[in-house]
Amino acid sequence: MIGKLNQSEQVLLETLQKTGADELAADFAKTGLPTRRNEAYHYSDLKMLLGDVPDLTTGAISTSVPLLNIEGAYRILIVNGEVQISDEPPTGVIVSTSRGGVVEPENDIVAQLNSALTKETLNIDLQGTVETIIHIDRRYEGEASHINDGVELYILDGSNATIIESFSGSNEAHLSNSASKVILGRDAKVTHIMVDLSGGRVRHLQSVQYEINESALLHSLIIHKGSALARTQLFAKFIGENAHADFAGLILGAKEQHSDISINIEHNVANTTSSENYKSVVLDKAKAIFQGKILVARDAQKTDAAMKHQGLMLSDDAQILVKPELEIYADDVICGHGATCGQIDMDSLFYLMSRGIEKEQAKSMLIRAFLAELFDEIKIEALKEALISVADEWLEV
Amino acid sequence: MSNMLEIKDLHVKVEDKEILKGVNLTIPKGETHAIMGRNGSGKSTLSYVMAGKEGYEVTKGEILLDGENILELEPNERAVKGLFLAFQYPIEIPGVATMTFLKAAMNAQRKARGEEELLTPDFMREVKSAAKMLEIDSAMLKRALNVGFSGGEKKRAEILQMALLKPKMCVFDETDSGLDIDALKIVSQGVNALRDANRSMLIITHYQRLLNYIVPDVVHVFSNGRIVKSGDKSLALELEEHGYAQYDESI
Ligand SMILES: Nc1ncnc2c1ncn2[C@@H]1O[C@H](COP(=O)(O)OP(=O)(O)OP(=O)(O)O)[C@@H](O)[C@H]1O
Ligand SMILES: [Mg+2]
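Residues numbered from 1 in each chain as written. Chains lettered and ligands numbered in written order. Predicted model: local features only at pLDDT ≥ 70, side-chain atom pairs only at ≥ 80, totals over all residues. Heavy atoms only, no water.

When helices and strands are counted, chain A shows seven helices and 19 strands. Rg of the C-alpha trace for chain A: 21 Å, near the compact-globule value of 21 Å for 397 residues, within the 12% margin. The principal-axis extent of the C-alpha atoms belonging to chain A is close to 65 × 45 × 45 Å. Looking at chain A as a whole, 56% of its 397 residues are labelled buried. When contacts within chain A are restricted to residue pairs at least 6 apart in sequence, long-range pairs at least 24 apart make up 81% of them. Within the structure as shown, chain A displays about 16,100 Å² of accessible surface, and the carbon and sulfur contribution to it stands at 47%. For chain A, the separation between the mean place of its 34 positive charges and that of its 58 negative charges on side chains is 5 Å. (Helix = DSSP H or I, 4+ residues; strand = E, 2+ residues; numbered from the N terminus. Rg over C-alpha atoms; globule rule 2.2 N^0.38 Å. Buried < 20%, exposed > 50% of the residue type's maximum accessible area, 1.4 Å probe, protein only. Contact = heavy atoms within 4.5 Å. Areas by Shrake-Rupley, 256 points an atom, 1.4 Å probe, with all protein chains shown as cover. Lys, Arg positive; Asp, Glu negative; His and termini not counted. Charge placed at Lys NZ, Arg CZ, Asp CG, Glu CD.)

Across the contact, 34 residues belong to chain B and 18 residues belong to chain A. Buried area between chain B and chain A, both sides added, is near 2,000 Å², and the carbon and sulfur share of it is 67%. Our count for the contact surface shared by chain B and chain A stands at three salt bridges. Between A:R355 and B:E158 there is a salt bridge, with the nearest N and O atoms lying 2.7 Å from each other. Here chain B and chain A share 10 residue pairs in polar contact (both at pLDDT 80 or more) between them. Those elements that place two or more of their residues in the side of chain B that touches chain A are α1 (43–51), α2 (75–80), β6 (83–86), β7 (93–97), α3 (98–112) and α6 (151–165) of chain B. Per-element tally for the side of chain B that touches chain A: the top contributor is α3(B), with seven residues. Residue composition of the side of chain B that touches chain A, grouped by class: 21 nonpolar, seven polar and six charged. (Buried area = accessible area lost by both parts, 1.4 Å probe. Salt bridge = Lys/Arg side-chain N within 4 Å of Asp/Glu carboxyl O. Polar contact = N/O pair within 3.5 Å; in protein donor to acceptor, adjacent residues only side chain to side chain. Nonpolar A, V, L, I, M, F, W, Y, C, P; charged D, E, K, R; others polar.)

Structure, rendered in structure tokens:
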């Protein structure tokens, strides 16, 4: 079978073998990277898209200036997979590291690769009402390299926390494969934001897992802006009743970027609710992909889930591909999805211009208006401003 | 140059259908003219073509604003040259705050005149005083642009914009429709307050009533894509009495 692997897969296989991940190597030799025949990767055929796999990183080096500054946040760096804790954590925040990677979700080769190749995982336990924003600054620095890193967050019963993870670094053709696992205890209230600000040559793969316990409240937001190829797969499991989660995301795509957000939401118990609200704005030849899968288990009565994707196409050569999927085994549920895709509304543009506003500014105003809803959900002003400026910078390019 | 607006033999097609069939209209500086005409006769089309909306093909003729042909200009360029259209149906734009919009519009015009951006306190003061004159509730200004505004509120908001932008050529497309009697008086006062020797107005309406409040210098009858008769304000009364039928033979 090895003969069928392409160059990138060969390198990945050798990397696994050198690391001593024999079992996974044996599997990988048979399967290789996911292709379009794999439903989850239907629009992101990694065998075709991934490109050259650089050498595994040799570890941390000096870092570039942070791309995202959040006022008053407690910042932890992970540079080329190495956790760097410099400041004393705020009260209620327990920071440690553990060897190896985050336990991967079932049967996903990208997450398995990450788990096998990550040397250390950043563990953060959050207890009580943590007012300070936790900023996990994940960097991919230096020459092009293959970097794996992992974060596990545990928000204890009854605790509140706001965490933002940013992905950025040098403008080289890195392959970054990252994992985050967030466990929400009972009654935990969590805002978890992930922003990809990587350079335009980076291939960024990301796996996010949520475990949502009883009465917990989650607000999750993913923003894709930087990488040439970005794919975030999200796996969320409701495992306690009366919990609610708002899943949101935004793809800002330009040039020839390929950006994919694929979510898998499992309502496994009764009386849980979720909303899925994703948007894509694409220009040039960019491609945005949203796949949304909601599973409602047989016992998950009274589930209420509403998914939507809204696309804004700013050029004729851009593409937005959307695939919703509902898999419902319970009978007493409310579950729906909707998708819209449009261009800048010409009547609105004319109205703004008729008051003297220049076309480019008027367009920006309308794009901002399209995005406003996602940012309005963020209640912490410093965070909201930081994210709006991420979008504003994109609009100015 | 004593004419603010000169429209000469204007022919306009929309999707291959000729809507305007040779409009001639001259408005001297400081004058207020009214256009009255049947539904579908092309009044809004004329106002959109003046403002520069896409999708209208001018096959013949020209529009001069203060002596300058504006047909090749973008809508924003026309606006900064002093043209303002109060829309028959103002557009709702969710996600754009009314105040953000007003400030962007005012600053765009200042930028075109080579002036500094407005300072926030000055901007607030100007908006407040204009809103007060038009009896616009400040809560309305905190909402997204025109979103959830009643029909009458939208029309008032248009006049508010006009009061802030101080254009020299104002076009009102059925600004009176949707206004109750009190609102009509308030809006008319707002418009009259802006009348002066260097500002001209074109009022498109179906009702003579508005013209009792904003008294025009000239009234034009619009039929089937052009002006078929012009006269003084008594023409509006005559139209109210006899309708448009007598002008139909010109079709
Ligand atoms: N975008 C368009 N596509 C096709 N036809 C159009 C378009 N815009 C206007 N028309 C047609 O042009 C004609 C004139 O329309 P217009 O809106 O200018 O009339 P109006 O005089 O303003 O009418 P009203 O008094 O009802 O406001 C109508 O027959 C209308 O259907
Ligand atoms: Mg009309």
